[in-house]
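One-letter residues, chain by chain:
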Amino acid sequence: MSYLELTNIHKSYGNAVAVEDFNLSVTQGEFVSFLGPSGCGKTTTLRMIAGFEVPTSGHITINGNDLTHLPPNKRNVGMVFQSYALFPNMTVSENIGYGLKVVGKPKNEIAKRVEEMLALIHLQELGKRYPNQLSGGQQQRVALARALAFQPQVLLLDEPLSALDAKIRVELRHEIRRIQQQLGITTIYVTHDQEEALSLSDRIVVMSQGRMEQVGTPGEIYNFPTTEFVAKFVGQINLLPVEVQNPAEGVVKIGSQLIRAGQYGHLNGKPVRLAVRPEELNPGFIEGSNNLNGIVETITYLGAIVRIRVEVEGHPISLDVFNERRMKMPVAGDLFQVNFPVDACWLL
């Protein structure tokens, strides 16, 4: 059953449209990410849920209550910002308990709740420190605990990890997911980082230019993108212009080479592109698979993965192979064969 509902949400600033035709139902305890490039409307949508922005039209409800025009302090919603926004003159414990103090909770109740939050974020020994005595990751944990201290109905996170270095981001996103699942709190998470969205979310809303491009589980978004934007924005993708040869069977041609797509819709003669992920491609020839001949352009080492870029009749295509110490790699200019299963590619 839906817990958080956004119905026909539209937000404009004069003639500029920030969010258009946004409809989403979120179940209680679900973790949903808004994913998209800067300026796509994801933070504006989050701020409308928080009450910092008012929709031009549409409705927002939580647990059946219409909050569309309520101010932020009248909504039971917790918010975590990118910039931590901790009070520098307050200790960690005082920061966590600040919201409870504002609403007039008894001191003993505040102290108990602060202890619970410190244990939840694994910072029990740091309650008396000030923000400037903490690392960035620790400060963001405190900001998370402060947002959770008053037991909000919905937790909102606006790119909370973007100011942290790569290793800390990975560690903290695991902590965020652990805490969210432990508390069972409904969570909306804004990010432009596809890896964060894929690893954290129950569902992802991919946004572009103020509109929802696709909503689905991480597996659905990555493996079955419904638009070219989603295919290109989430993960690496090869998009090759092809000529339709047999629309009934999904047979297309790249230059002089024929291949078949596993997924295709109604091919009506419009320009078509073949989509296939680099990790679905393999070196060599396999009978019964799609096979392409080309020339190696570049070899790029990416740690555990080696990306081989091959030119196929004037069109570049990349494949990812696992980096093995004794593996013999091709060199630029080599003739190279690539194969991939029919069901690994689709037409857009």
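What comes next concerns the included structure. Every chain is numbered on its own, with residues counted from 1 as its sequence reads. Where totals are concerned, whole chains, interfaces and linings use all residues; where local detail is concerned, this predicted model gives features only for residues with pLDDT of at least 70, and gives and counts side-chain atom pairs only at 80 or more. Note that the side-chain values use all heavy atoms of the structure and ignore hydrogens as well as water.

1. Concerning the sheet that holds strand 1 (residues 2–13)
In short, DSSP must find at least two bridges between two strands for them to pair. Secondary structure counts use DSSP, requiring at least four H or I residues in a row for a helix and at least two E residues in a row for a strand, with both numbered from the N terminus. Taking strand neighbours across the sheet as the criterion, the four strands line up as 2-1-4-5 in an open arrangement whose pairing is antiparallel. Single-partner strands in this sheet number two, and they are strand 2 (16–27) and strand 5 (65–66). Taken together, the two bridges between strand 4 (residues 57–62) and strand 5 define a ladder with antiparallel strand orientation. Directly across from Ile62, in strand 5, lies its bridge partner Asn65.

2. Remarks on the pairing of strand 12 (residues 251–254)
Pairing of strand 11 (residues 238–246) with strand 12, which is carried by three bridges, proceeds in the antiparallel orientation. Across the sheet, Glu243 pairs through a bridge with Lys253, a residue of strand 12. Between the end of strand 11 and the start of strand 12, which pair antiparallel, lie four residues, with Gly250 showing a positive phi angle near 70°. Examined bridge by bridge, strand 12 and strand 13 (residues 257–260) share four bridges and lie antiparallel to one another. Looking across to strand 13, one finds that Val252 is bridged to Ile259. Here strand 12 folds back onto strand 13 in antiparallel fashion, the turn holding two residues, of which Gly255 has a positive phi close to 65°.

3. Description of the pairing of strand 9 (residues 203–208)
Counting buried residues along strand 9, five of its six residues qualify, which places the element largely inside the surrounding structure. Where strand 3 (residues 31–35) lies against strand 9, four bridges are found, and the strand directions are parallel. Residue Leu35 lies in a different strand from strand 9, and its bridge partner there is Val206. Connecting the antiparallel pair strand 9 and strand 10 (residues 211–216) is a turn made up of two residues, with Gln209 showing a positive phi of about 50°. Think of it in three bands: with a 1.4 Å probe and only protein chains considered, a residue is buried below 20% of the maximum accessible area for its type, exposed above 50%, and partly exposed in between.

4. Observations regarding unusual backbone geometry
Of note, His122 is a non-glycine position whose phi angle comes to about 60°, a positive value. Within the secondary structure, His122 is located in the loop between helix 3 (107–120) and helix 4 (136–149). The class of His122 is partly exposed, set by a relative accessible area of 49%. One non-glycine residue with positive phi stands out, namely Glu159, at about 45°. Secondary-structure assignment places Glu159 in the loop between strand 7 (154–158) and helix 5 (166–183).

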